[in-house]
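# Reading the structure
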Amino acid sequence: MAAIGKDYFGWGRVLSIILAIIPVTAFILGFVTRLMEGKIVAAILRLILGWNIIWLIDLVLMIVNGRIMRLLNI
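Residues numbered from 1 in each chain as written. Predicted model: local features only at pLDDT ≥ 70, side-chain atom pairs only at ≥ 80, totals over all residues. Heavy atoms only, no water.

## Concerning the side chain of threonine 33
In this structure, threonine 33 sits in helix 2 (residues 23-36). The exposure class assigned to threonine 33 is buried, which follows from its relative accessible area of 6%. Ignoring sequence-local partners within four residues, the contact set of threonine 33 consists of Asp7, Tyr8 and Ile68. (Helix = DSSP H or I, 4+ residues; strand = E, 2+ residues; numbered from the N terminus. Buried < 20%, exposed > 50% of the residue type's maximum accessible area, 1.4 Å probe, protein only. Contact = heavy atoms within 4.5 Å.)

## A word on the packing of helix 2 against helix 3 (residues 40-49)
Relative orientation of the contacting elements helix 2 and helix 3 amounts to 165°, with a least axis distance of 8 Å. By the angle between their axes, helix 2 is roughly antiparallel relative to helix 3. Like other packed secondary-structure pairs, helix 2 and helix 3 cross with a definite hand, here left-handed. Contact with helix 2, carried on its side by Phe27, Gly30, Phe31, Arg34 and Leu35, involves Ile40, Ala42, Ala43, Ile44, Arg46 and Leu47 of helix 3 and no other residues of that element. (Axes fitted to C-alpha atoms, helices over the stretch in contact; angles between N-to-C directions. Parallel < 35°, antiparallel > 145°, perpendicular 65-115°, else oblique. Left-handed = near helix turned anticlockwise from the far one by under 90°.)

## As for the nonpolar core
Of all hydrophobic cores here, the largest spans 10 residues; its members are Tyr8, Phe9, Ile17, Leu19, Ala20, Ala26, Leu29, Leu59, Met62 and Ile68. The set of elements that each furnish at least two residues to this core consists of helix 1 (13-21), helix 2 and helix 4 (53-65). No other element matches helix 1, which puts three residues into this core. Apart from residues no more than four positions distant in its own chain, isoleucine 17 is found in contact with Met62 and Ile63. (Core = buried A, V, L, I, M, F, W, Y, C linked by side-chain atoms within 4.5 Å.)

## A short note on helix 3
Turning to helix 3, its buried residues are Ala42, Ala43 and Arg46. Mapping the buried residues of helix 3 onto a view down its axis gives an arc of 100°, with all of them on the same face. (Arc of directions from axis to C-beta.)

## Remarks on helix 4
Across its 13 residues, helix 4 extends 18 Å between first and last C-alpha, which sits within 8% of the 18 Å expected from 1.5 Å per residue. Taken together, the buried positions of helix 4 are occupied by Ile54, Asp58, Leu59 and Met62. Projected onto a plane normal to the axis of helix 4, the buried residues spread over an arc of 140° and lie on a single side. Facing away from the buried side of helix 4 by more than 90 degrees, the exposed set consists of Ile53 and Val64. Of the surrounding elements, those touching the buried residues of helix 4 are helix 1 and helix 3. (Expected span 1.5 Å × (residues − 1).)

Keep in mind that these numbers describe shape and distance, not what the molecule does.
What follows is the structure in structure tokens.
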């Protein structure tokens, strides 16, 4: 199973950055990652807001530290 705590299922950093660059995969994987962490509200917010500023912030954070944004931890 995927390693929770590492974004995009614990895959390598280079692969995660490549997937974060593509908006559709970043949207889907960000949503699934938050669901796997058990953060239902955060996953729903990603569905609503995931196509705009969250995608850009996730892209920058994935490049800088290898993790997506954790705005809401509920």
